[in-house]
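What the coordinates show
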Amino acid sequence: NGGNRMKVFSDQMRVAVHERIAGEKLLRQALDGDRRQTLPVWFQPIVSAATGEVMGAETLVRMRTPEGEILGPNRFIPAAEETGLIVPLGEHVLIEALRHLVAWRHELRYVSVNVSPRQLAEPDFVPLLADLLAATPELDPQRLILEITETALLVSSVDVQERLETIKGLGVRIALDDFGTGYSSLTWLQSVPADVVKLDRSFVAGLADDPKKTSIIQAVLWLARSLGMSAVAEGVEKEADVAALREAGCPMLQGYLFGKPMPPEEFAARLQRSRMA
Ligand code: C2E
Ligand code: CA
Ligand code: CA
């Protein structure tokens, strides 16, 4: 019995290692190719809870395989993190996010971009950010939001707090991603100079039928407000949850109900419609 279990386990490990190596190889090829083609960035609307108007967009990267299949980030971000390929990948995403915001600057207030702990720890990250912002003088840096997760505090060797202060000095805003899922969310809230909390979808989905979730969300929203921070509820899928979130005073909403992540052309059409409505 023990022997069988060992075998299953080692087979799973072999598959996992194999997948990671395959993912890494694909990612290297993608980064070597035309990045706009092989690593498209998609956008998901973030809407005002009060009006339903599209205010912002989260930038979410995809990978197009040589066979034309579109892969989600969970298929290649872990390998990118491990190998350091997240650095050129992250640079590409940031460039694309700003490029699209410039194009949409009259219809869209902000874009947010996910920044991995490893990227944040790079000494070149802040200079890169400063260069990109200098190259887009038509954008107020406030219109860029960097989304970071609590793991940045745990795994990073650099002083994350200090780095975030420097980034804020550029005028860029900071959002705490997946808020509530980490181990020390209150420490995180206290030590990081953030402007926005993103309530993780595990607290948001099914909110309307769950008094406990409602209490948690209300308390976190109260906390955010008292600290002068804005809030976005992630993973909003049902109308009933929208009502509950509005009642709790959540200013911004994101989720499949308002739109899945979509290619830029589709997002642009969505913005046009949102403007005419
Ligand atoms: P995240 O930052 O929490 O991004 C939100 C994820 O939730 C996205 O998945 C989005 O498609 C999904 N989502 C949004 N609304 C709903 C909903 O109503 N229901 C459900 N079930 N899901 C919803 P996606 O695009 O697969 O991205 C997964 C993760 O990959 C992201 O989680 C983020 O951590 C990472 N990621 C994506 N793009 C980048 C990037 O450019 N750089 C880095 N470092 N990480 C990225
Ligand atoms: Ca995010
Ligand atoms: Ca999130």
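All of these numbers come straight from a predicted model, not from anything done at the bench. (Residues numbered from 1 in each chain as written. Chains lettered and ligands numbered in written order. Predicted model: local features only at pLDDT ≥ 70, side-chain atom pairs only at ≥ 80, totals over all residues. Heavy atoms only, no water.)

A few points about the coordination of the calcium ion (ligand 3)
We count it as follows: For Na, K and Ca the donor cut-off is 3.2 Å, while for other metals it is 2.8 Å, and in both cases only N, O and S atoms qualify; water is not among them, so sites may look incomplete. Each helix is a run of DSSP H or I of at least 4 residues and each strand a run of E of at least 2, with the numbering of both proceeding from the N terminus.
Distances from the calcium ion (ligand 3) to its protein donors, namely D177 (OD), D178 (OD), E234 (OE) and E234 (OE), fall within the range 2.2 to 2.6 Å. All donor residues of the calcium ion (ligand 3) come from one chain, and their arrangement in sequence is D-D-x55-E. Separating the calcium ion (ligand 3) from the calcium ion (ligand 2) is a gap of 3.8 Å, which D177 spans by donating to each of them. Taken together, the residues D178 in strand β7 (residues 173–179) and E234 in the loop between β9 (230–233) and α12 (239–247) connect sequence positions 56 residues apart.

Some points on the packing of aromatic side chains
Short version of the rule: Note on aromatic contacts: the rings of Phe and Tyr and the six-membered ring of Trp form a pair at centre separations within 6.5 Å, being stacked when their planes are under 30 degrees apart, edge-to-face when over 60 apart, and tilted otherwise. Partly exposed residues are those whose accessible area sits between 20% and 50% of the maximum for their type, while under 20% is buried and over 50% is exposed, using a 1.4 Å probe and protein chains only. Our definition puts a charge over a ring when NZ of Lys or CZ of Arg is within 6 Å of the ring centre and also within 35 degrees of the ring normal.
Enumeration according to the criterion identifies three aromatic pairs in this entry. Centroid distance F43 to W104: 5.0 Å. Interplanar angle 80°. Geometry classified as edge-to-face. Taken together, the residues F43 in strand β1 (residues 41–48) and W104 in the loop between α4 (86–103) and β5 (110–114) connect sequence positions 61 residues apart. The two residues F43 and W104 agree in class, both being buried. Ring geometry for F43 and F267: centres 5.9 Å apart, planes at 40°, overall tilted. One end of the pair, F43, is in strand β1; the other, F267, is in helix α13 (residues 264–276), and 224 residues separate them in sequence. Pair check on accessibility: F43 and F267 agree, each one buried. Grouped by ring-pair contacts, the aromatic residues F43, W104 and F267 constitute a single cluster. Taking NZ or CZ as reference, R173 lies 5.6 Å from the ring centre of Y110, over its face.

Some thoughts on the coordination of the calcium ion (ligand 2)
At this site the calcium ion (ligand 2) is bound by E58 (OE), N114 (OD1), E147 (OE) and D177 (OD), with donor distances of 2.1 to 2.4 Å. Read from N- to C-terminus, the donor residues coordinating the calcium ion (ligand 2) fall into the pattern E-x55-N-x32-E-x29-D.

A few points about the site of ligand 1
The following threshold applies: Definition of nearness: a residue and a molecule or strand are near each other if at least one heavy atom of the residue lies within 4 Å of the molecule or strand. Counted as a polar contact is a pair of N or O atoms within 3.5 Å, where, for protein atoms, one must be capable of donating a hydrogen and the other of accepting one, and residues adjacent in sequence contribute only when both atoms are in side chains. The accessible surface values rely on the Shrake-Rupley method and a 1.4 Å probe; as for residues, cover is taken only from the protein chains in view. Both site types are read off a 1 Å grid over the protein atoms alone. A 1.4 Å probe that fits but cannot get out defines a cavity, while an open set with protein on both sides within 12 Å along at least five of seven lines defines a pocket; lining residues have an atom within 4 Å of a point. A molecule is counted as occupying a cavity or pocket when more than half of its atoms fall within 2 Å of that pocket's grid points. Each residue is assigned to one of three groups, with Ala, Val, Leu, Ile, Met, Phe, Trp, Tyr, Cys and Pro labelled nonpolar, Asp, Glu, Lys and Arg labelled charged, and all others, Gly among them, labelled polar.
Taken together, the neighbourhood of ligand 1 is formed by 21 residues, with Q44, R62, D177, E237 and Y256 sitting nearest. In the model, an oxygen atom of ligand 1 is placed 2.9 Å from a nitrogen or oxygen of the R62 side chain. The separation between an oxygen atom of ligand 1 and a polar side-chain atom of N114 is 3.1 Å. In isolation ligand 1 offers 800 Å² of accessible surface; the protein chains occlude 81% of this area. Assessed atom by atom at 2 Å from the grid points, ligand 1 resides in the largest pocket. Residue classes in the shell around ligand 1 are distributed as nine nonpolar, five polar and seven charged.

With respect to the layout of surface pockets
Worth spelling out the cut-off: Grid points are joined across faces, edges and corners, and a volume is the space filled by probe spheres set on the points.
If you add up the space inside the largest pocket, you get close to 1100 Å³. As for the largest pocket, its lining consists of 37 residues, of which E58, L60, P73, N114 and D177 are closest to the centre. Counting only elements with at least two residues in the lining of the largest pocket, the list comes to β2 (54–61), α3 (77–83), α4, α5 (117–121), β6 (144–148) and β7. Residues of the lining of the largest pocket, tallied by class, amount to 13 nonpolar, 13 polar and 11 charged.

Brief notes about the sheet that holds β2
Stated formally: Pairing between strands is defined by DSSP: at least two bridges between the two strands are required. Lines are fitted to the C-alpha atoms to define the axes, a helix being fitted only along its stretch in contact, and any angle between axes, read from their N-to-C directions, falls within 0 to 180 degrees.
The eight strands lie next to each other as β1-β2-β5-β6-β7-β8-β9-β10, forming a closed barrel whose pairing is mixed. For this sheet, the mean angle separating the axes of adjacent strands, direction not counted, is 30°.

Some points on the confidence of the model for the chain
Stated formally: A residue's pLDDT is simply how confident the predictor is in it, with values from 0 to 100.
Put simply, the chain has an average pLDDT of 91, and 95% of its residues get 70 or more. Note on the complex model: pTM 0.93, ipTM 0.97.

Let's talk about the nonpolar core
Proteins that are soluble and globular tend to have nonpolar side chains buried together. We count it as follows: By nonpolar core is meant a set of buried Ala, Val, Leu, Ile, Met, Phe, Trp, Tyr and Cys residues that side-chain atoms within 4.5 Å join together. The contact rule is simple, with two residues in contact once any of their heavy atoms fall within 4.5 Å.
Within the largest apolar cluster, 75 residues are counted, with the highest numbers of intra-cluster contacts made by L144, L146, I167 and L253. Looking at which element gives the most residues to this core, the answer is α4, with eight residues. Once you skip the residues sitting within four places of it in the chain, I167 turns out to touch L120, F125, V126, L129, L146, V172 and I174. Grouped together as the second largest cluster of nonpolar side chains are eight residues, M55, Y110, A175 and V232 included.

Some remarks on the pattern of salt bridges
Heads up, the rule is: The term salt bridge refers to a pairing of a side-chain nitrogen on Lys or Arg with a carboxyl oxygen on Asp or Glu at a separation within 4 Å.
Summed over the entire model, instances satisfying the criterion amount to seven salt bridges. In this structure, the salt-bridge partner of R28 is E24, at a minimum N-O distance of 2.9 Å. Taken as a pair, R28 and E24 lie in helix α1 (residues 2–32) at a separation of four residues, close to a single helical turn. According to the relative accessible area criterion, R28 is partly exposed, its value standing at 41%. D195 is the partner of K168 in a salt bridge, and the nearest nitrogen-oxygen pair spans 2.7 Å.

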